[in-house]
Amino acid sequence: MLASIIAAAALPASSPAIQMPESRPDILPCAGLACASYPAPDWKDEPDPIASPRARKGGILRFWGGSSPKSFNAYIDNNSYTMMMFAMMYGSLIVTDTETLDFAPHLARRWWVSDDGTTFEFEIDADAKWSDGFPVTADDVKWTFDVILDPKSDTGSWKTILGCFESPVIVDAGAERTRRIRFTKRRFGDKPVEKNWRDLMYCGTFNIMPKHAFEGQDFNKIDLVGAPVCGPYMIARTEEWVATEYEREKNWWRKDLPSCRHVYNFDKIKMNYIAESENAFAALKHDRMDIMRVSSARQMALETDGPKFVRNWIVKRRVRNHNPVGYQAFAMNMRRPPFKDIRVRKAMAMLLDREFMNRSMMFNEYFLQRSFYGSLYDESHPCTNPLYLYDFEGAKRLLEEAGCRQNADGVMIMKDGKPFRFTFLSRSMTEDRFLSQFDAQMKKLGIEMTIDRTDFAGWMKKMDSFDFDMTWQSLVASLFPNPEIAWLSSEADRKQSNNTVGFKSAEVDRLIAEEKTMTRMADREETYRKIDKLVTAECPVAFLWNTVETRLLYWNRFGMPDTVLSRYDDEASTLAYWWYDPDRAAELDSAIAGDKYLPKLPVVVDFDEIMKKRKAK
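Residues numbered from 1 in each chain as written. Predicted model: local features only at pLDDT ≥ 70, side-chain atom pairs only at ≥ 80, totals over all residues. Heavy atoms only, no water.

*Asks:* Explain the sheet that holds strand S14 (residues 327-332) to me, and be specific about the residues and the numbers.
*Replies:* The strand order across the open sheet built from five strands is S19-S18-S20-S14-S21, with neighbouring strands paired in mixed fashion. Taken across any chain shown, the strands that pair with only one partner, and hence form the sheet edges, are strand S19 (448-453) and strand S21 (541-543). Put simply, the sheet's adjacent strands are angled 30° from each other on average, direction ignored. Where S14 lies against strand S20 (residues 470-475), six bridges are found, and the strand directions are antiparallel. (Pairing = 2+ DSSP bridges. Helix = DSSP H or I, 4+ residues; strand = E, 2+ residues; numbered from the N terminus. Axes fitted to C-alpha atoms, helices over the stretch in contact; angles between N-to-C directions.)

Written as structure tokens, this is what we have:
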């Protein structure tokens, strides 16, 4: 969940050039501990390189909002669309720069981190204001933190994320009391406090809400419609189960900063609640929605050839940027036979005919994965992990090396004398067509694969107790990977952990400990690549496929940057960077009335190629 929150919080960054106030001897940053000050003294607010000077304010964007949320409060509702819009209403102390991913000022104009990693202090920008004119204060920060940790608040995993800190302390005196706030890591018994760069992310990037508007109310039921915001949008109206309309806050306190010009251009954003993608696609074709992301290869390949698409009234785009790519795989339980043996695991990877499946079932829309962190590789950092392709004979040899033999009846017998049997834990009927092809390979070798079908709740229960042999695992990528939760050895034995396969490695544990102390993103990325190489060498999963593209369909009435999307984001960045173009809208209306074609736009949009051409000019 945290990954989605952080991605949503990566709003166009920065605040006014830092003007350092005169020192106050009675207010020492980080309680007088040795500390580093941020941002750098020469830091200044810069225009967002993705935002187009051609952008204009106005119009509406009708966006697909998935299923209707149970709450607009993202601390109560983990829905990704809820979190996306929540971050556009309520800012955080700091944000991640949309280009460098370094931390940058937002509600806080500067901050300090103690050298021992125990204390974090923020000074709130004096210009930060709520939409009703009240200043954003340290009281707002403390109230938000405390209400999230309140046992009565249904804030789920946020209690774990922020629970490593004591309740923050407002440290200023007198008139400046509302400006400075300090977070201190919680100590658990005699265990020393562990330094971790993510602590700054945790205490600095949770979204701040207005104390004066919500104090004394039931946090689980607060009404955000019309409530004051400190971000570029507020909720204007909502129709339950149908749609919610957000209006641009014209007096947003950051609107005149260089980094915030030409962004958040729509006067209104309408989130349409349609649970099923097929119904969303129908709404788009009937012009009841402006844009949608396509997740189905079949839909993109076979259902976008009608007149509206051919005449370019509805535009097809495939955007290739640096949006993190997750992974899909058949995960194997390494804790017990038959997948305790690495040779057996490698054999399973070789028996998975991914090329055939991609070609025959998914229109060659996907690339074959070989990494847990695919987004970290490029021309400068090529991935050298093994790419397991279908190799029946090679798999058979590996099984023989592991002591497996087919008897006279064709049944595969393991070295312990027992038949080779395993259960595939499935949570969706959509997996059947792929499992059927995989099972055919098992039968050819005399291996018995039983499919245990369950719903999501049943699947989670078994996964939490590691009661599975093999299963389909899909994980969403994060801008900030956290290898600890997936690969730390101690997590392999903790029930309900994300180390579902039971991976253990002393060397990976060492790299995970080192990564926590690294402040530079480039250093961390190099460590992730080392971890990735070590983990994939053990073949804990048989990788499947994924796509590096964000597939978009939209009505041809909008202006947008040349890159279409930002460097690291998906369709969510359309809310920040696109704009309603009255001239294009008029051309579209004319084309529809006359049944004419509009100029064709390139389908593939390569972010890096566009940026290279821009720099070459």
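*Asks:* Explain the environment of Gly59 to me, and be specific about the residues and the numbers.
*Replies:* Residue placement: Gly59 occurs in the loop between strand S1 (35-38) and strand S2 (60-64). Classification of Gly59 as partly exposed rests on a relative accessible area of 29%. Ignoring sequence-local partners within four residues, the contact set of Gly59 consists of Phe266, Asp267, Lys268 and Tyr580. (Buried < 20%, exposed > 50% of the residue type's maximum accessible area, 1.4 Å probe, protein only. Contact = heavy atoms within 4.5 Å.)

*Asks:* So what's going on with the sheet that holds strand S7 (residues 169-170)? Residues and values would help.
*Replies:* Strand pairing in a sheet relies on backbone hydrogen bonds. The paired strands run either parallel or antiparallel. Taken together, five strands build an open sheet; the order of strands is S1-S5-S6-S8-S7 and the sheet is antiparallel. A strand with exactly one partner marks an edge of an open sheet, and here the two such strands are S1 and S7. Pairing geometry for S7 and strand S8 (residues 180-184), over two bridges, is antiparallel. Each residue of the ladder has a partner; that of Val169, found in S8, is Arg182. In the packing of helix H3 (residues 138-149) onto the sheet, contacts are made with strand S6 (119-124), S7 and S8, and the angle to S8 comes to roughly 30°.

*Asks:* If you had to explain the pattern of salt bridges to someone new, which residues and values would you point to?
*Replies:* Between side chains of opposite charge, pairing is possible as soon as their charged atoms come close. Tallied over the entire structure, the rule returns 48 salt bridges. Where Lys516 meets Glu194, a salt bridge forms, and the shortest distance between an N and an O atom there is 2.7 Å. A residue pair is termed long-range when its members are at least 10 positions apart, and Lys516 in the loop between helix H16 (506-515) and helix H17 (521-537) and Glu194 in the loop between S8 and helix H5 (198-204) qualify at 322 residues. Note on Lys516: relative accessible area 5%, which makes it buried. (Salt bridge = Lys/Arg side-chain N within 4 Å of Asp/Glu carboxyl O.)

*Asks:* Can you tell me about helix H2 (residues 80-89), naming the residues and giving the values?
*Replies:* Counting buried positions along H2 gives nine out of 10 residues, so the element sits mostly inside the fold. For H2, the full list of buried residues reads Tyr81, Thr82, Met83, Met84, Met85, Phe86, Ala87, Met88 and Met89. A distance of 2.7 Å separates the backbone nitrogen of Tyr81 from a side-chain oxygen at the start of H2, and that oxygen is part of Asn79. (Polar contact = N/O pair within 3.5 Å; in protein donor to acceptor, adjacent residues only side chain to side chain.)

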